[in-house]
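Chain by chain, the residues:
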Amino acid sequence: MTTHFPPAEPSPSFPYRVQERIGIGSMGVVHKAIEVDLDRAVAIKTLRPSVLAEETPDVQAEMRRRFLQEAQAAGRVSHPGVTTVYRVGEHAGVPFMVMEWLEGRTLDAVMRAEGPLPAKDAAGCLIDLLDTLDAAHRVGVVHRDVKPSNVVLLDSGRLKVTDFGIARIQGKDLVQTQAGVVLATPKFASPEQLRGMEVDGRADVYASGVLLYYLLSGQYPFEGASFMELASAVLKGTALPISQLVDDLPPRLESIVHRALRTAREERYSSAAQMADDLRSVLQLGSTVVAEVIDPELETARSTLSIRGLPRDLMRALATFAESWPKTRLAEQDCRQLLDRLLERPLHAPAFSGAVDIGEEWFFLHDGVLLGAVRLGADEGAILESGVFFPRGSDHLRGDDVIESLPETVTPTLYPVPEHLPAGLLPVLCSVLHPPRLLHADLDSSYINLPVMAQKLRDDHFDGLLRLMHGGDWGLVLFLDGESVLSLYSEGWERIPNDSTWQRWVSEHPIRAQVEKKTVRPPAEWFRRAFPSLPFDIHPVEEKNPNGGTGSGTTSARLRHFLTSSRTGPLTSKLGVRLAAGTEVEPFPGANIPYDQAPGARFLGWALENLPRYFAERDLTSAWKYLADWLPLVRQARIYHPLKRPGAPDTDFFDLVTEDADGKVLHLAERQAAPTPESVATFHQKVVAAKTARRKTGDIGGVFLIAPHFDDEVLEAYRALLDKSFSKSWFGVEESFTGYAGFVRIGPRRGFHLLLVEEKDGEAFEPLPIAS
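Only a predicted model underlies this, so the values are computations on that prediction, with no experimental measurement involved.

## So, helix α15 (residues 450–459)
Those residues of α15 not exposed but buried are L450, P451, M453, A454 and L457. Along the axis of α15, the buried residues cluster in a sector spanning 155°; they form a single face. For α15, the side-chain oxygen to backbone nitrogen distance between the N-cap and V452 is 3.2 Å, and the N-cap itself is N449. Of the residues trailing α15, H461 is marked for its positive phi of about 55°.

Rendered as structure tokens:
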């Protein structure tokens, strides 16, 4: 029996007459053949017999599995852009794969013969390629080796994707790639492939970006004399802007190329389909969604007010819009007292709603709720990132650091909301001060019918805004109860004739859009005034043990020991927080803000639920003894509370005060929006005064300073505070024996732990692992 391949004549097991060898690689050979029964041309790919003969049995088995995986990957994708596999088999010990014969040229051959392609042709090729890749991704196949030689431009004009030899089939890999092994062609390999990481469809999106760059310019975005140099350039993401290589390139096409090439895959297109749709919108080639004729009935029932020509900076745009309202100038006065009066909610009259100008700072209020405070010139407005439009510096846009740094006296100008504007408009408008709560993101008017979507918002009685983006220009369409009641546009929209309502013209221009829910997030200062001295009862909550009974059966042994070793006897592993009995909280109907959204209340719940476990599981309980060991003892708490000094008329205000069942003060907390060394020192002095006034009873074992961020200067001031306390006379010697962390001493055997806690995105908290 012969071992020669290919065989000279067809046979029942190999019904093909091989005509010629048309390609050869390091591992495989491709022949052109005729399938005799059907009289059709086919391509037959085989593993090179000489390569197989040189390898050990284990390596041969690996090569055969990878060969079979290529066939399975191609066969799994049902799409006209994927080369059809007719048959997989083995003849004379040589694996073979029979595929459709493609009449055409690879893009590699096209580029060698013709050079860079016109923008329209290059984008058209990429649209076909991305449609094919999207079909593969949807069935769990990632190609992982997209490059010009693996894309064939047929004589008919269509594209075919070939060579799934290193494709990854989700959940069905016959061959697992070893960590750190790069199988893709280096110039087209994504950063995550070069790092040896697990890949998904965004790796193919990246390679498609490289291919588009190459088709347009004839050059690769990243070069290197060696693999290491090339990999370094790719990981740095230092591609030359393609507009410097290609004349008259549409700006949007350049944006598409460079978005696909972003180093962080989270910043690229999330799918091949998304990139293809963007290319369609550039070339106006149509889309998968057919535009509908706008029905006149889709126009809102209420006449929509439209304001144009506002500053591109969102903060200045809000101020400019407010300056068109009726105004009232007031005399110079104390700034804090002014804020108190503005936040009052009279019994027989509505509270103030409108804007307040005190110079470079502006307040926005609605029905006694402080919606936000901004400082003009302190921010660059907003940015577009990964398809999401959002404001920079979200904490100061909510107003905390603006309020903390207000001058003592101001000469304010009040701008009440005009009567012709809807009553609930301002909370929706001020949603732009906060990171958006997205309902729909990264919409494109060239293939999404935004007016039809607006009809759905109307049916859902939507409160929020539709944000329109055209280059660096923005528009805001505000919705109340489903009706679009106000449209605001920055300067720059004069290039688009938008004299009619937005529903009439939006589908005729390439507009990006996103739909954002109404967001009301008052500054911490408002909560301090809205819920003064709000009391809470802290109660143990028994947790059911999965093995039967109650107790902390799901916790670690160290934590169970901690929770049962307190001087008050066994404790449960969880404490519940509820309003003190008989306490009533005044509602704020204009904004519907619950008390448990107050930063002080959120921190209280988080600290009682998470900190005992945090210290116990890290074996830090003894180091933070008076802070950690006293947490399970908390039975009462107040937020935004003026704490009186025993035997003195003085009070010290704290955002949180906790007590045990006997009224002993256990913990204190303060939140600062932008802490400084000076504010840390002031806080320290306030705590020392409160503790010194209670030196006989030994109150206050732990203190929290909470902030969105602590910079290096503040951290240095914190460490200096601890070092100064540590070095005093014999206290340092005692400290070395106790092993206390974050401990501020104020005398023999007296002091308190000071823990810094970062508030993440206004929602979560995280202790800083310092001085521990």
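## A look at the sheet that holds strand β4 (residues 85–91)
Across the sheet, which stays open at both edges, the five strands sit in the order β1-β2-β3-β5-β4 with antiparallel pairing between neighbours. Both outer strands of the open sheet, β1 (16–24) and β4, are each paired with one neighbouring strand and no more. Going from strand to strand, the sheet's axes swing by 25° on average, the running direction of each strand aside. Two strands pair when backbone bridges link them, and β1 and strand β2 (residues 28–35) are joined in this way by seven bridges, in the antiparallel orientation. By the bridge assignment for β2, Y16 is matched with E35.

## Overview of the environment of V88
Take V88: it is sitting in strand β4. For the pair V88 and F67, spaced 21 residues apart in sequence, the C-alpha separation works out to 9.5 Å.

## A look at the environment of Y614
Its location among the elements puts Y614 in helix α19 (residues 599–617). On the accessibility criterion, Y614 (19% relative accessible area) is buried. Separated by 153 residues in the primary sequence, Y614 and P767 place their C-alpha atoms 9.2 Å from one another. Residues contacting Y614, with those up to four places away along its chain left out, are L620 and P767.

## Points about a negative patch on the surface
On the surface, a cluster of negative charge is made up of E678, D711, D712, E713, E716 and D723. With four residues, helix α22 (residues 712–727) is the single largest residue contributor to the negative patch. Turning to its location among the elements, E678 is positioned in helix α21 (residues 677–692). Of the residues examined, E678 reaches a relative accessible area of 54% and is grouped as exposed.

## Looking at the packing of aromatic side chains
This structure, assessed with the given rule, holds 26 aromatic pairs. Between W526 and F527, the ring centres sit 5.0 Å apart and the planes meet at 75°, which makes this aromatic pair edge-to-face. Summarising the burial analysis for this pair, W526 and F527 share the class buried. Geometrically, the ring pair formed by F536 and Y595 is tilted, given 6.0 Å between the ring centres and 45° between the ring planes. Pair noted here: F536 is in strand β26 (residues 534–541) and Y595 is in the loop between β27 (574–579) and α19, with a separation of 59 residues, a long-range link.

## Focus: the pairing of strand β29 (residues 651–659)
The sheet contact formed by strand β28 (residues 636–644) and β29 spans eight bridges and is antiparallel. Pairing of H641 across the sheet is with F654, part of β29. Between the antiparallel neighbours β28 and β29 lie six residues, among them G647 with a positive phi of about 75°. Across four bridges, the pairing between β29 and strand β30 (residues 665–671) is antiparallel. Following the sheet pairing, V657 is matched in β30 by L668. Here β29 folds back onto β30 in antiparallel fashion, the turn holding five residues, of which G663 has a positive phi close to 90°.

## Thoughts on the pattern of salt bridges
Counted according to the given criterion, the structure contains 35 salt bridges. In this structure, R671 engages D400 in a salt bridge whose closest nitrogen and oxygen atoms are separated by 3.1 Å. One end of the pair, R671, is in strand β30; the other, D400, is in helix α13 (residues 400–404), with 271 residues separating them in the sequence. Residues R671 and D400 agree in their burial class; the two are buried. For K760, the salt bridge identified is with E758, shortest N-O distance 2.5 Å. Relative accessible area serves as the criterion here: at 8%, E758 is assigned to the buried category. Each of the salt bridges in this network shares a partner with another, and the network as a whole consists of R252, R259, D278, D442, D444 and R512.

## Here we look at unusual backbone geometry
The phi dihedral of D367 is positive, around 50°, even though this residue is not glycine. Mapping D367 onto the fold places it in the loop between β15 (361–366) and β16 (369–375). Taking relative accessible area as the criterion, D367 reaches 17% and is therefore assigned buried. Backbone geometry at D442 places phi at a positive 55°, although glycine is not the residue there. Assignment of secondary structure puts D442 in strand β21 (residues 437–444). With relative accessibility at 14%, the residue D442 sits in the buried group.

## Description of the environment of L310
Here L310 shows up in strand β11 (residues 305–310). In the structure, L310 is positioned 165 residues away from G475 in sequence and 9.6 Å away in space, judged by C-alpha atoms. Filtering out sequence-adjacent residues up to four positions away, L310 remains in contact with A317, T320, F321, W474, L488, Y489, S490 and E491.

## A short note on the sheet that holds strand β9 (residues 159–161)
A sheet is described by the order of its strands in space; here three strands give the open sequence β6-β8-β9, paired in antiparallel fashion. This sheet does not close on itself; its edge strands, each paired only once, are β6 (104–106) and β9. For this sheet the average axis-to-axis angle between neighbouring strands, irrespective of direction, equals 25°. Strand direction decides the pairing type here: strand β8 (residues 151–154) and β9, joined by three bridges, are antiparallel. Directly across from V152, in β9, lies its bridge partner K160. Sitting on the sheet, helix α3 (residues 107–114) is in contact with β6 and β8, with an inclination near 85° to β6. Helix α4 (residues 119–138) contacts β8 and β9 of the sheet and is inclined by roughly 40° relative to β9.

## A closer look at the packing of helix α6 (residues 201–217) against helix α8 (residues 251–260)
At a minimum axis distance of 7 Å, the contact between α6 and α8 shows a crossing angle of 135°. Here α6 lies oblique to α8, going by the angle between them. Regarding α6 and α8, the two cross each other, and that crossing is left-handed. Across from V205, Y206, G209, L212, Y213 and L216 in α6, the residues of α8 making contact are L253, V257, H258 and A260. In the contact of α6 with α8, the residues fall into eight nonpolar, two polar and no charged.

About the cut-offs
- Residues numbered from 1 in each chain as written.
- Predicted model: local features only at pLDDT ≥ 70, side-chain atom pairs only at ≥ 80, totals over all residues.
- Heavy atoms only, no water.
- Buried < 20%, exposed > 50% of the residue type's maximum accessible area, 1.4 Å probe, protein only.
- Helix = DSSP H or I, 4+ residues; strand = E, 2+ residues; numbered from the N terminus.
- Arc of directions from axis to C-beta.
- Polar contact = N/O pair within 3.5 Å; in protein donor to acceptor, adjacent residues only side chain to side chain.
- Pairing = 2+ DSSP bridges.
- Axes fitted to C-alpha atoms, helices over the stretch in contact; angles between N-to-C directions.
- Contact = heavy atoms within 4.5 Å.
- Patch = residues over 30% accessible without salt bridge, like charges linked within 9 Å, V, L, I, M, F, W, Y side chains within 5 Å.
- Areas by Shrake-Rupley, 256 points an atom, 1.4 Å probe, with all protein chains shown as cover.
- Salt bridge = Lys/Arg side-chain N within 4 Å of Asp/Glu carboxyl O.
- Lys, Arg positive; Asp, Glu negative; His and termini not counted.
- Charge placed at Lys NZ, Arg CZ, Asp CG, Glu CD.
- Phe/Tyr/Trp six-rings, centres within 6.5 Å; stacked < 30°, edge-to-face > 60°.
- Parallel < 35°, antiparallel > 145°, perpendicular 65-115°, else oblique.
- Left-handed = near helix turned anticlockwise from the far one by under 90°.
- Nonpolar A, V, L, I, M, F, W, Y, C, P; charged D, E, K, R; others polar.

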